[in-house]
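# Examination of the molecular architecture
Residues per chain, in single letters:
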Amino acid sequence: MRPLESPFTMGQLLTLQPDTVTVLIYGKRYDISISISEYQLLTAISQDEIALLPVNFDRTRLLLDISESSPQIERELNEFTDTEESVTDLLKEGV
């Protein structure tokens, strides 16, 4: 994993096309260009009921190589939950 160069946010995957993914970030839609390998990965991810993706702060590209143990990932994901239990603990439990 390479270190993060800038802040990021999380976007909810809305639609997936072979060359773009549409994500929802704070109520606004963003179309982000993706590569063939990203499309293949997102095809598998999109089968989940809700898929959250790390997006750079400019909302121009996905950051799919961020470690899931990143403290910022947990902070961002916690904004999408209504529980006091950490997202990391929930993920470990398989929720």
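Residues numbered from 1 in each chain as written. Predicted model: local features only at pLDDT ≥ 70, side-chain atom pairs only at ≥ 80, totals over all residues. Heavy atoms only, no water.

A count of helical and extended segments in the protein gives three helices and four strands. Ordered by position from N to C terminus, the α and β elements of the protein give β-β-β-α-β-α-α. The buried share among the 95 residues of the protein stands at 32%. Of the contacts formed within the protein by residues at least 6 apart in sequence, a portion of 49% connects residues at least 24 apart. For the protein, the exposed area adds up to about 6500 Å²; of that, 50% sits on carbon and sulfur atoms. (Helix = DSSP H or I, 4+ residues; strand = E, 2+ residues; numbered from the N terminus. Buried < 20%, exposed > 50% of the residue type's maximum accessible area, 1.4 Å probe, protein only. Contact = heavy atoms within 4.5 Å. Areas by Shrake-Rupley, 256 points an atom, 1.4 Å probe, with all protein chains shown as cover.)

Let's shift gears to the side chain of Arg 59. Within the element layout of this structure, Arg 59 appears in the loop between strand E4 (52–56) and helix H2 (71–78). Despite its burial, Arg 59 pairs with no opposite charge; the closest candidate is Asp 58, at 7.1 Å N-O. Not counting the four nearest positions on each side in its chain, Arg 59 is found in contact with Thr 9, Ile 25, Tyr 26, Tyr 30 and Ile 32. (Lys, Arg positive; Asp, Glu negative; His and termini not counted. Salt bridge = Lys/Arg side-chain N within 4 Å of Asp/Glu carboxyl O.)

What follows deals with the pairing of strand E2 (residues 20–25). Strand direction decides the pairing type here: strand E1 (residues 8–16) and E2, joined by four bridges, are antiparallel. Of the residues in E2, the one forming a bridge with Leu 16 is Val 21. Hairpin geometry of E1 and E2 is characterised by an intervening segment of three residues between the two adjacent antiparallel strands. Of the strand pairs in this sheet, E2 and strand E3 (residues 28–33) are connected by six bridges, and their pairing is antiparallel. Looking at the pairing, Thr 20 lines up with Ser 33 of E3. Hairpin connection of E2 to E3: two residues between the antiparallel strands, including Tyr 26 at a positive phi of 50°. (Pairing = 2+ DSSP bridges.)

A few words on the environment of Ile 36. Along the chain, Ile 36 turns up in helix H1 (residues 36–45). Considered as a pair, Ile 36 and Asp 19 are 17 residues apart in the sequence and their alpha carbons are 7.3 Å apart.

Our next topic: the environment of Leu 52. Here Leu 52 is to be found in strand E4. Sequence separation between Leu 52 and Leu 14 is 38 residues, and the spatial gap between their C-alpha atoms is 9.5 Å.

The strand order E3-E2-E1-E4 describes an open sheet built from four strands, whose pairing is antiparallel. Bordering the open sheet on either side are E3 and E4, each of which pairs with just one other strand. Sheet twist, expressed as the mean angle between neighbouring strand axes with direction ignored, is 45°. For E1 and E4, the ladder comprises five bridges, and the chain directions are antiparallel. Across the sheet, the residue bridging to Thr 9 is Val 55, located in E4. (Axes fitted to C-alpha atoms, helices over the stretch in contact; angles between N-to-C directions.)

Any link to function would need more than the numbers given here.
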